[in-house]
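# Geometric and topological summary
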Amino acid sequence: MKKLLVLTLSAVALLSGCGSSSSASSDAVEKYGSDTLKLYNWGEYVGENLISNFEEEFGVKVITEYFDSNEMMYTKLQAGDSYDVIIPSDYMIERMISENMLQELDLSLIPNISNLADGVKNLPYDPDNTYSIPYFWGTVGLVYNHNNVDPAVVEEQGYEILRNTDYAGKIYFYDSERDSFMVALKALGYSMNTDDEAEIQEAYEWLLDMNSKMDPVYVTDEVIDGMSNGTKDIAVVYSGDAAYILSENEDMSFSMPKQGTNLWSDAMVIPANAENPLLAHEFINYVLTYDASYDNSEYVGYTSSNQEVMDALSGEGGAYEGINAYLPREGYELDEVFIDNQVLRKTLSELWIKVKAE
Amino acid sequence: MKEFRNMAFPYVIWIAVMIVAPMLLILLYAFTTAGNDVTTFHFTLENFTRFFSDMVFLEVLRRSLFIAIITTVICIVLGYPIAYIIANSQIKHQVRLILMITIPTWINMLVRTYAWMGILQDNGLVNQILGFFGIGHVTLLYTDFAVILGMVYNFIPFMILQIHASLTKMDKSYLEAASDLGADKVQSFLKITLPLSLPGVISGITLVFLPAVSSFFIPKLLGGGQYVLIGNVIESQFLTSGDWNFGSAISVIMAIIIMFSMYLTKKVDKDESAKGGDTV
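Before going into details, it helps to say that this report is about the structure given with it. (Residues numbered from 1 in each chain as written. Chains lettered and ligands numbered in written order. Predicted model: local features only at pLDDT ≥ 70, side-chain atom pairs only at ≥ 80, totals over all residues.)

Here we take up the sheet that holds strand β7 (residues 217–219) of chain A. Residue and element names in this part refer to chain A. One open sheet holds the five strands; their spatial order is β7-β6-β8-β5-β9, and the pairing between them is mixed. Edge strands, defined here as strands with exactly one partner in the open sheet, are β7 and β9 (252–255). Taking the axes of each pair of neighbouring strands and ignoring which way they run, one obtains an average angle of 35° across the sheet. Of the strand pairs in this sheet, strand β5 (residues 140–145) and strand β8 (residues 234–238) are connected by five bridges, and their pairing is antiparallel. Within the sheet, the bridge partner assigned to Val-140 lies in β8 and is Tyr-238. (Pairing = 2+ DSSP bridges. Helix = DSSP H or I, 4+ residues; strand = E, 2+ residues; numbered from the N terminus. Axes fitted to C-alpha atoms, helices over the stretch in contact; angles between N-to-C directions.)

All names here are of chain A. Relative to each other, helix α7 (residues 177–187) and helix α8 (residues 197–214) sit at 105°, their axes nearing to 9 Å. Considering the angle they form, α7 stands roughly perpendicular to α8. In this structure, α7 uses Ser-180, Phe-181, Ala-184, Leu-185 and Ala-187 to contact α8, whose residues at the interface are Glu-199, Ala-203, Trp-206 and Leu-207. When its residues are assigned to classes, the contact of α7 with α8 shows seven nonpolar, one polar and one charged. (Parallel < 35°, antiparallel > 145°, perpendicular 65-115°, else oblique. Contact = placed C-beta atoms within 7 Å. Nonpolar A, V, L, I, M, F, W, Y, C, P; charged D, E, K, R; others polar.)

Bringing the interface of chain A and chain B into the picture now. One frequently used descriptor of interface size is the decrease in accessible area upon assembly of the parts. Chain A puts 19 residues into the contact, and the matching count from chain B is 19 residues. Mapped onto the side of chain A that touches chain B, the elements with two or more residues apiece are α4 (70–78), β7 and α14 (342–357) of chain A.

Next up on the list: unusual backbone geometry. Residues and elements named next belong to chain A. The phi dihedral of Asn-100 is positive, around 55°, even though this residue is not glycine. If you trace the backbone, Asn-100 turns up in the loop between α5 (90–98) and β4 (132–138). Its 8 C-beta neighbours within 10 Å are what place Asn-100 among the exposed residues. Of note in this structure, Asn-122 is not a glycine but carries a positive phi near 55°. (Buried ≥ 20, exposed ≤ 12 C-beta atoms within 10 Å, placed from the backbone.)

Of all hydrophobic cores here, the largest spans 156 residues; its most connected members are Val-85, Val-143 and Ala-235 of chain A. Sorting elements by how many residues they give to this core places helix α8 (residues 144–169) of chain B first, with 11 residues. Counting contributing residues per domain, this core is built from domain 1 (2–137 + 265–314) and domain 2 (140–262 + 330–357) of chain A, each supplying no fewer than three. When sequence neighbours within four positions are dropped, the list of residues in contact with Ala-235 of chain A reads Leu-142, Val-143, Ile-171, Tyr-172, Val-223 and Met-227 of chain A. (Core = buried A, V, L, I, M, F, W, Y, C linked by C-beta atoms within 7 Å. Domains from an automatic or database assignment.)

Written out as structure tokens, the structure reads:
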């Protein structure tokens, strides 16, 4: 009996230890209607201290869940799961808007929107930020080991270097139908949003050819460790991951292929079934502050949607000074933004499985 | 008796909701395609003809079965002696040895597979050790070897535990009788121990073959994505292309193949034990 008493007392002591935050959270309940925010984000896609600082400052609790593809996120949301803030990519936001899965934002609650960088203003999928506020943005390019691969060859061949048998067995290719067909279509000089069957067929053959000649390894996030360790010589990489790789391994360089690339952005949205939209707005506004954006971008390596942070990190003394992967190429004619196309995506997905199964 | 029968009622509901309903849903999806706004779906065999008329999918199926069979055979060949040694050691050692077999399974399978990636990498543990002895580096990750190694490593505990259980259940007096009647060790193993442990091997096969044939993250992580198995196709139908109907159809095809192979192993089991019964 005595033992039980001691246990209970220590439990009470433990609980009261959290007392300060629990009183704060009742403030949060009063202000936002709830003290928990459910965030659905990509893995390793948030600053080191952002979440804990937000929790402390606003006296709330953030529950984060992770997805590794837009489609996985979409499937989960369709199954009825509810989140307050999600960070999907451009084409998926376009699709969710068209399917009425998102809430309109109350921009008066997000004054920090004025911090947005020029490169993420008026994005085609949501030009007036009615539904989304950009989080990170960038391009897709080639990371290569400049000791083993001549930079001049990379610049001259662009994506075609991925079919150059001098480097057979030394490449990482990105394992997603969107990115792989983007590379193939761009290499052939077509638009990555094409729905011309002949062009898609040609891209499919390009990928088959690449697959049989080069013996590539298909990866997603594993590319970050792989290239940081110098496992392969050439890889198709998202610019933010490239910035990270370049800061880890000085043998690596980044090139934005001359054939053009995917200009992408991920943005924060509030789904229609969010339980706590007020706190969600507060979170979005918080992410746009200088400190939070700085923490985010410096830690993750992706380009900040906050202009000042972007300038500070790429400028003199910044963590990504001199790393070209950090600053996305702006205004290049051949660069494109993905447009949502369900039928096309299904076709590409099936073709992509076939390429890999060969 | 009547009132006891009523007590099973909650379980019937549980089974209906948790097992039967999802299966029916998968069947429904498999035999339909998404319709228009008026009818939400219509019945079709299209999903099945699509699978069987495409050489690529059939090749993937063949490869998946092949990998699963290889994995199962290696698990038996390695697992049986281990189980035998454990079953014939002292009781207090047995507990410890079985614990050693089971401890790795307490750790998440995904984490253990990631660990293998670190070990097999081009500059991973194995290659560092080889390099230390001056032996050139070998490519291990993203090969057939890596995929099969990962499968065997992950699934062999199930085989060992099943065989071990059936070996320890065996009545030792049969062996004594055999040696009294002049059988040597090999003879008594082949005539008594092996047939009597066969049910363990059979359930071991079930427990290894099933997850091996439908595994998708082991080939994905250790095979470098080039290694598309049937589980990967199903995964991509649900997660990337969003074609749940086709994904369900492939799942149903797999279920039928698995049921058929279960039936075959059960039949072999019965025949064998009938034969075993004669000799004993």
